[in-house]
Amino acid sequence: MLAISLVTLSALSLFSLPLTSAQQCQATLQTALSVAHTLQDHYFSSSSGMYNGGSLWTDANTLEDLHNLMLATGTDDFQSVADSSFIGRSALNPNTDWAALLGGSNDDAGWIVLSLWKMADYKNNRGIGNAGAFMNAASEIYDIIEGQMDNQCGGGVWWSTAHTYKNAITNELFLLLSAQGFRRGLGQRYLDNANKVWNWLSNTGMRNAQGLYNDGLVLETCQNNGQTTWTYNQGVIASGLAELARANNDASLFAQAEITLDATIAHLTTNNILRESCDDAQAGGAVCNADQQIFKGIWTKHLQYYLDAANDPARTAKYRDFLGSQESAVFHFGTNGNNDIGSVWYAASQGGSVFTPKTSASGLAAHVAAAKYGPC
């Protein structure tokens, strides 16, 4: 793979810097740093470079969260994590077979690209010289995802190379990667893909009458399958549309994004706090699985990214109090005596909250987003 040009690296450096003049809340950032240290101490394995109890895609999000935090604080507490992580080691190894490593999972691939980009942003911001390897790996993975588009059900990217399902999150991620990739200076092909996948997504019927995205399509009929409206589906579409709005200079896409953001607040909350359908504060109730435990934090992180790209004080003001409420709930209801954050935010746990690296990373993302755009 060709090395990234100096021109491209110059364009990428824009993403190493804050995209708004928002004043960070230092108290919230200090809470986030404390949570991040607990997360690393309790769950990160320096030998494997992975999180004990994590998975490839949730690890990617956690690494993204750590570097999002360091870019916010200006600190370097976790400077070595990028290169010591399994994903980072793989990026630094020019012989990595990404197709084999991904195991056919196109949504996992998208999360890893976002993580590699954020780690590269941090490196560029700090003047660390090996950011190019992370960007080159991200480009290689993007090419793999791009190759999974076809005309089944009119377009879109397959969830996996088994070609059994087309769903919301895989295509929302591809929209975000493509629009942001164009804005990073990676070429017209990225913008063409972004427009193509948004045109497809907007005509699939996956967004229901409430304004929320169901999980995916029934392959036989290419119709909305009516499956769960997970929170993360409602966040990633917003950040992707904000990037596309900037790339196309089309402000109407912000309104499209906010249909779904507002629907999340209206329909996927209890007491104004995000609640996954599998969340239950009571012992013996529903428990979110190993994937679902990180979803709410992904929503808050992508609301931060939405507001970054929108760069609009009115839009920031609209979501300010909601982000503050999520951060407060994570702190007061979600955090235990060991400074771990559990899966339930909407109420104090009565035995129903579980504590894993995914739930801690989810809470960390809520703190970081609120530090930038919530009240202080």
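If you look the chain up in an unreviewed UniProt entry, it shows as Glycoside hydrolase family 76 protein from Marasmiellus scandens.

(A) Quick peek at the layout of surface pockets. Taken as a whole, the largest pocket spans an internal volume of roughly 310 Å³. Around the largest pocket sit 17 residues that line it, and D107, W159, Y232, D291 and F295 are the ones nearest its centre. It is helix α7 (residues 106–126) that provides the largest number of residues to the lining of the largest pocket, a total of three residues. Class assignment for the residues of the lining of the largest pocket results in eight nonpolar, five polar and four charged.

(B) Molecular detail of the side chain of T204. One can find T204 in the loop between α10 (188–201) and β3 (217–218). Side-chain polar atoms of T204 contact the backbone oxygen of L201, separated by 2.9 Å. There is a polar contact of 3.2 Å between the side chain of T204 and the backbone nitrogen of M206. Those residues within four positions of T204 in sequence are excluded, and the remaining contacts are L217 and C222.

(C) Quick peek at the packing of α10 against helix α11 (residues 231–248). Relative to each other, α10 and α11 sit at 130 degrees, their axes nearing to 11 Å. Classified by the angle their axes make, α10 and α11 are oblique. The handedness of the crossing between α10 and α11 comes out as left-handed. Contacts between α10 and α11 involve L191, A194, N195, W198 and L201 from the former and I237, L241, L244, A247 and N248 from the latter. Among the residues forming the contact of α10 with α11, the class breakdown is eight nonpolar, two polar and no charged.

About the criteria used
Residues numbered from 1 in each chain as written. Predicted model: local features only at pLDDT ≥ 70, side-chain atom pairs only at ≥ 80, totals over all residues. Heavy atoms only, no water. 1 Å grid on protein atoms, 1.4 Å probe; cavity = no way out; pocket = protein on both sides within 12 Å on 5 of 7 lines; lining within 4 Å. Points joined across faces, edges and corners; volume = space filled by probe spheres on them. Helix = DSSP H or I, 4+ residues; strand = E, 2+ residues; numbered from the N terminus. Nonpolar A, V, L, I, M, F, W, Y, C, P; charged D, E, K, R; others polar. Polar contact = N/O pair within 3.5 Å; in protein donor to acceptor, adjacent residues only side chain to side chain. Contact = heavy atoms within 4.5 Å. Axes fitted to C-alpha atoms, helices over the stretch in contact; angles between N-to-C directions. Parallel < 35°, antiparallel > 145°, perpendicular 65-115°, else oblique. Left-handed = near helix turned anticlockwise from the far one by under 90°.

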